[in-house]
Every structure is written in C-alpha cells, then in structure tokens.
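Listed below, chain by chain, are the residues.
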Amino acid sequence: MAGRAGHRQHYPPAVAPRHLGYMRQHYAAGNVVVAAAGALDHDHVWRCQEHFADLPGIMPPAISAGRYEGGEFREGRDLDQVHLVLGFPA
C-alpha cells in the first residue's frame, strides 16, 4: 500500500475526514525537509521542490513548554542491569 496512503478511496468514510484533517495540519510546507546525499545531480534534486509547491504554508501549532512535576516511579525486575533516569527543570 506504499504510495497510496493519501488517497481517499483507501479509507472508510468515517476515517477519511480525520485522516485528511491530520494531513492538512502536518503535511505543510513548514514541516517538509528534503535531504539528499551522495553522487546526485544537484539540479535534479533542486527540482524536487516543484513536487511540494502546492503544499499549504500552514505552520504547526506552537508547542508549549512541559510542566515539571516531581515524582518517583520504581519497577523491580530480575535483571543484571540498572536503568536510571533523572529529570530536572532546565
């Protein structure tokens, strides 16, 4: 199904509006990165932008900073390793 995810006929009617709304919000020009490496024709790679010219210029909503709340979580397991995560406000 690769390459078909954006076609309406592949989604039930109840799912299509939600999926299309997600695509409109996240598949925007501000979210696209085209990266290329290796022995490539620079002009050909540069022309790739033509395929993205019709994307809306919508920027994603601003993400608010996380709110730090102290706490503790422990999970005991019979392992030969210890995983320790410490987090503090920046």
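Up top is the structure.
In this convention, every chain numbers its residues from 1, walking through the sequence in written order. Per-residue local features are limited, in this predicted model, to residues with pLDDT of at least 70; the limit for side-chain atom pairs, both in listing and counting, is 80 or more; totals at the level of whole chains, interfaces and linings are taken over all residues. Heavy atoms from the whole structure form the basis of all side-chain values; hydrogens and water molecules are not counted.

A.B. asks: Which residues make up the overall build of the chain, and what values do they have?
C.D. replies: Within the chain, the regular secondary structure consists of two helices and zero strands. Burial classification: accessible surface area is computed with a 1.4 Å probe over protein chains only, and a residue below 20% of its type maximum counts as buried, one above 50% as exposed, and the rest as partly exposed. Counting across all 90 residues of the chain, residues that qualify as buried make up 6%. Each accessible area is a Shrake-Rupley result for a 1.4 Å probe, and residues are judged covered by the shown protein chains and nothing else. Accessible surface, the chain: about 8,900 Å² in total, of which carbon and sulfur atoms supply 57%. Strands are runs of DSSP state E lasting at least two residues, helices are runs of H or I lasting at least four, and both sets are numbered from the N terminus onward.

A.B. asks: A description of the pattern of salt bridges should follow, citing residues and the corresponding values.
C.D. replies: For salt bridges, the criterion is a side-chain nitrogen of Lys or Arg within 4 Å of an Asp or Glu carboxyl oxygen. Per the counting criterion, the structure on display carries two salt bridges. In this structure, Glu 72 engages Arg 74 in a salt bridge whose closest nitrogen and oxygen atoms are separated by 2.6 Å. With relative accessibility at 70%, the residue Arg 74 sits in the exposed group. Arg 77 serves as the salt-bridge partner of Glu 75, at 3.0 Å between the closest nitrogen and oxygen.

A.B. asks: For helix α1 (residues 16–26), give the residues involved together with the corresponding values.
C.D. replies: Along α1, the residues that are buried comprise Ala 16, His 19, Leu 20 and Met 23. For α1, the arc enclosing every buried residue in end-on projection is 95 degrees, short of the 170-degree limit, so these residues lie on one face. Turned more than 90 degrees away from the buried face of α1, the exposed residues are Pro 17 and Arg 18. To be clear, the arc concerns the directions from the helix axis to the C-beta atoms.

A.B. asks: Outline the layout of surface pockets, supporting the account with residue identities and numerical values.
C.D. replies: Grid points spaced at 1 Å and placed over the protein atoms alone form the basis of the search, with a cavity being a set where a 1.4 Å probe fits but cannot get out and a pocket an open set showing protein on both sides within 12 Å along at least five of seven lines. Lining residues have an atom within 4 Å of a point. Grid points are joined across faces, edges and corners, and a volume is the space filled by probe spheres set on the points. Looking at the largest pocket, its volume works out to about 500 Å³. Around the largest pocket, the lining residues are Gly 71, Glu 72, Phe 73, Arg 74, Glu 75, Arg 77, Leu 79, Gln 81, Val 82, His 83, Leu 84 and Val 85. Under the scheme applied here, ten amino acids are nonpolar (Ala, Val, Leu, Ile, Met, Phe, Trp, Tyr, Cys and Pro), four are charged (Asp, Glu, Lys and Arg), and all others, including Gly, are polar. Here the lining of the largest pocket is composed, by residue class, of five nonpolar, three polar and four charged.

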